[in-house]
Amino acid sequence: MSIIENKSDERLLWSRFLNGDDQVLSLIYLQYSNSLFDYGCRFTVDKHLVKDCIQEVFCTLIRTRKNLSSTDNIRLYLLQSLKRRILRDLKSAGSKSMLINDQEYSFDLLLTENLDDHLRELDEEKRELLAGAMLSLTDRQKEAIYLRFNKGLEYEEISFLLNLNYQSARALIHRAIEKLRDVIHLQEKKVSQILFAILFNDSKAVL
Amino acid sequence: MDKYKDYSAIDFLEDSNFLRWLNEPTQEDHDFWNEYVKKHPSQKAKIKEATLLFNLFHSSENKLALPEQYELWKAIQSESQTSAKEVFIRILKYAAVLVLVFLSGAVSYYMYQNAVERNQYQLAEINPVVNGEAMVILADGSKVSLDKQMSEISYSTNGRQLIVNNDTITQKAVTMKESMNKVIVSYGKKSMVLLSDGTKVWLNAGSQLVYPAVFLKDTREVALVGEAFFDVVKNPQKPFIVKAADVSVQVLGTRFDISAYPEDKVIQTVLEEGKINLKYSGDGIFKRDYVVEMVPNQMVEFDKISREANSSTVNVSKFVSWKDGMLEFEKVNLYKALKQVERFYNIQILLEDQSIGSYKLSGKLDLKDEPEKVLNVIKLTVPIDWQRKSNGDFIVFKK
């Protein structure tokens, strides 16, 4: 259900908007509003706040059109302004005990729901291990993973949104994948250990 | 292709091309990776593992409901337009002075009208069809709901009486101005409208048509959002014009289909018989108008983003079979076919794995059956199976 199918479409749409074509704004909105809404809902359960922030993001976009350049990455621009606004609003609305700064906020990845959907074939023990491993991911890791696997962003883009350098963003995601892969491999290792033990016993028997 | 030879699951997940295939695949991505797995069976397990990890990390999306998405857009529009309108009126004041000196006031009126029409139009384009809300809206704003699966609406020649299914409704006497009526057909429904000039319009699920109760101008103009098949009564004195988002189609008398859903990238026009002129404005500073003269069995696809039109010869029956409650496919991507099924039944069909979408589907689907039966028919031709989630959505997975 994508209006924009590739990067050149995105560039074209963006440059047309910057040149004052208001018609394309509705296409930009249709393309990105759901994606923005989803990203926003990861920071807070307050859906009204997310919607208000999306409205502000688009109004600012229209107002500041002249100051934007055609090299800007439209999606990244929208994601970043939404995140900034939501964190700002959460900070001002939050009580003193709730400390939110640029590096400290919660991010929800709905991981446990996923376990049930995709791991029908896995056994109980492994599922519990996977759930444990996923819960142990940090909020920053969750956000990086979300941007990579849900939004398909490049590492450069992720590092920009997370305010990290390229290498750190990459390492953040790499470690998270490794953690889960090790759990999946755990079982296989067990199987091969058992096989080895059997073979070893057999050879002893032969001897 | 060789660079993937020694890739581990993690390496695959770090590759942007691989991720795009799992996330938002293009046809090329499907072709490339299906071919790759075929040629390198040794890497199949690694790809499977990478896909599993991807699925674990990929969480389902929070979505705005269509009415919510529309409300939010209206709020953005009205907030940004109040400031734009003030500027416009200020400019208009200066312009009006000049115009009065050099020309007549008609020009500024025209300019203003044009700007207003454009704004209204944008709203119409994005206004999605709210669930379950199928209705006719008359010129005075009164609404007649359409509760049938397939509604029939017909107008008398003077436009004052209309019959909705079996009920006759009388509108106020039509004055000099054309009084506009609107039909909204929600997802899961269809409708046939017989206009006052005898023209028949079949509206597909999730579509809207705006038209005058009786045609008083030199041209017969209607506006469409969504998909409709037109069987236009010939009248050389009064050409029939369909306005659909970025294109307009001018005809004298013929049969053709236009599909212009806001969420689709292209506007597709297919001509069954007669002759039509398809008009669109192209790219560039001057936005030059282009006209394509279409012949029967021709399809023109207008790309809303690049503003280019592509023409091809097609078998028309596949594109218009929906009006008879059938869907016909020939080597169509499963993704595209399921999208049509979704619209028709007003259901959500999720793909567990995006690569399923590239299966090619051929055959006919009878849409008089329940969606479950339709999915079972699809199941016979491509290796998939489906389940119903607790929220009523359908999920399709590889068998």
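Model, not experiment: these values are computed from the prediction.

## Focus: the environment of A:T44
Residues and elements named next belong to chain A.
So, step 1. Note on placement: T44 falls in the loop between α2 (23-41) and α3 (47-63).
So, step 2. Between the C-alpha atoms of T44 and D108, which are 64 residues apart in sequence, the distance is 8.3 Å.
So, step 3. The contact partners of T44, leaving out residues within four places of it in the chain, are L49, V50, I86 and L90.

## Remarks on helix α4 (residues 74-93) of chain A
Since one α-helical turn is 3.6 residues long, residues separated by three or four positions face the same way.
So, step 1. The terminal C-alpha atoms of α4(A), which comprises 20 residues, lie 28 Å apart, in line with the 28 Å expected from a rise of 1.5 Å per residue.
So, step 2. Buried within α4(A) are the following residues: A:I74, A:R75, A:L78, A:L79, A:L82, A:K83, A:R85 and A:I86.

## Some remarks on the packing of helix α7 (residues 139-149) of chain A against helix α8 (residues 155-162) of chain A
Axes are the key here: two packed helices are described by the angle between their axes and the distance separating the axes.
Residues and elements named next belong to chain A.
So, step 1. The interhelical angle for the contact between α7 and α8, taken along N-to-C directions, is 140°, at an axis separation of 10 Å. Taken together, α7 and α8 sit at an angle that is classed as oblique. As for the relative orientation of α7 and α8, their crossing is right-handed in sense. Only I158, L161 and L162 of α8 make contact with α7, whose side of the interface consists of R140, E143, A144, L147 and R148.
So, step 2. Of the residues contributing to the contact of α7 with α8, the split by class is 5 nonpolar, no polar and 3 charged.

## As for the interface of chain B and chain A
The figure often quoted for interface size is the accessible area lost as the parts come together.
So, step 1. Listed as interface residues are 38 residues of chain B and, on the opposing side, 42 residues of chain A.
So, step 2. Mapped onto the side of chain B that touches chain A, the elements with two or more residues apiece are α1 (9-14), α2 (16-23), α4 (44-57), α5 (66-102) and α6 (106-126) of chain B.
So, step 3. Sort the elements by how many residues they give to the side of chain B that touches chain A and α5(B) lands first, with 7 residues.
So, step 4. When grouped by side-chain class, the residues that make up the side of chain B that touches chain A number 16 nonpolar, 12 polar and 10 charged.

## Considerations on the packing of α4(A) against α8(A)
Residue and element names in this part refer to chain A.
So, step 1. At their nearest, the axes of α4 and α8 sit 10 Å apart, and the two run at 20° to each other. Taken together, α4 and α8 sit at an angle that is classed as roughly parallel. In this structure, the crossing between α4 and α8 has a hand that is right-handed. Across the interface between the two elements, L76, L79, Q80 and K83 from α4 touch E157, F160 and L161 from α8.
So, step 2. Partitioning the contact of α4 with α8 into residue classes produces 4 nonpolar, 1 polar and 2 charged.

## A look at unusual backbone geometry
Residues and elements named next belong to chain B.
So, step 1. Look at R307: it is not a glycine, yet its phi comes out positive at around 60°.
So, step 2. Mapped onto the elements of the fold, R307 is located in the loop between β17 (298-303) and β18 (309-313).
So, step 3. We classify R307 as partly exposed; it has 17 C-beta atoms within 10 Å.
So, step 4. At N346, a residue that is not glycine, the phi angle is positive and equals roughly 60°.
So, step 5. With respect to the helices and strands, N346 occurs in the loop between α8 (334-345) and β20 (349-351).
So, step 6. Residue classification places N346 among the partly exposed positions, given that 16 C-beta atoms sit within 10 Å.

## Points about the sheet that holds strand β22 (residues 384-388) of chain B
All names here are of chain B.
So, step 1. A sheet is described by the order of its strands in space; here 3 strands give the open sequence β20-β23-β22, paired in mixed fashion. Since the sheet does not close on itself, it has two edges, and those belong to β20 and β22, each with one partner. Strand-to-strand twist of the sheet, defined as the mean angle between neighbouring strand axes without regard to direction, takes the value 30°.
So, step 2. Pairing analysis gives 3 bridges linking β20 to strand β23 (residues 394-398), with the strands arranged parallel. Residue pairing in the sheet places I349 in a bridge with F394 of β23.

## Some words on the confidence of the model for chain A
So, step 1. The predicted model of chain A has a mean per-residue pLDDT of 78, with 73% of residues at 70 or higher.
So, step 2. Under a pLDDT of 50 for its full length, residues 203-207 of chain A has, in the predicted model, 0 contacts with residues more than four places off or in other chains.

## Here's the deal with the pairing of strand β13 (residues 255-260) of chain B
All names here are of chain B.
So, step 1. When you tally the buried positions in β13, you get 5 out of 6 residues, the bulk of the element.
So, step 2. Here strand β10 (residues 220-231) pairs with β13 via 6 bridges, running antiparallel. When the sheet's bridge partners are listed, E227 is paired in β13 with S259.
So, step 3. Across 5 bridges, the pairing between β13 and strand β14 (residues 266-273) is antiparallel. The residue bridging R255 from the neighbouring strand is E273, located in β14.
So, step 4. Counted between consecutive antiparallel strands, the loop separating β13 from β14 contains 5 residues.

The rules we used
Residues numbered from 1 in each chain as written. Chains lettered and ligands numbered in written order. Predicted model: local features only at pLDDT ≥ 70, side-chain atom pairs only at ≥ 80, totals over all residues. Helix = DSSP H or I, 4+ residues; strand = E, 2+ residues; numbered from the N terminus. Contact = placed C-beta atoms within 7 Å. Expected span 1.5 Å × (residues − 1). Buried ≥ 20, exposed ≤ 12 C-beta atoms within 10 Å, placed from the backbone. Axes fitted to C-alpha atoms, helices over the stretch in contact; angles between N-to-C directions. Parallel < 35°, antiparallel > 145°, perpendicular 65-115°, else oblique. Left-handed = near helix turned anticlockwise from the far one by under 90°. Nonpolar A, V, L, I, M, F, W, Y, C, P; charged D, E, K, R; others polar. Pairing = 2+ DSSP bridges. pLDDT = per-residue confidence, 0-100.

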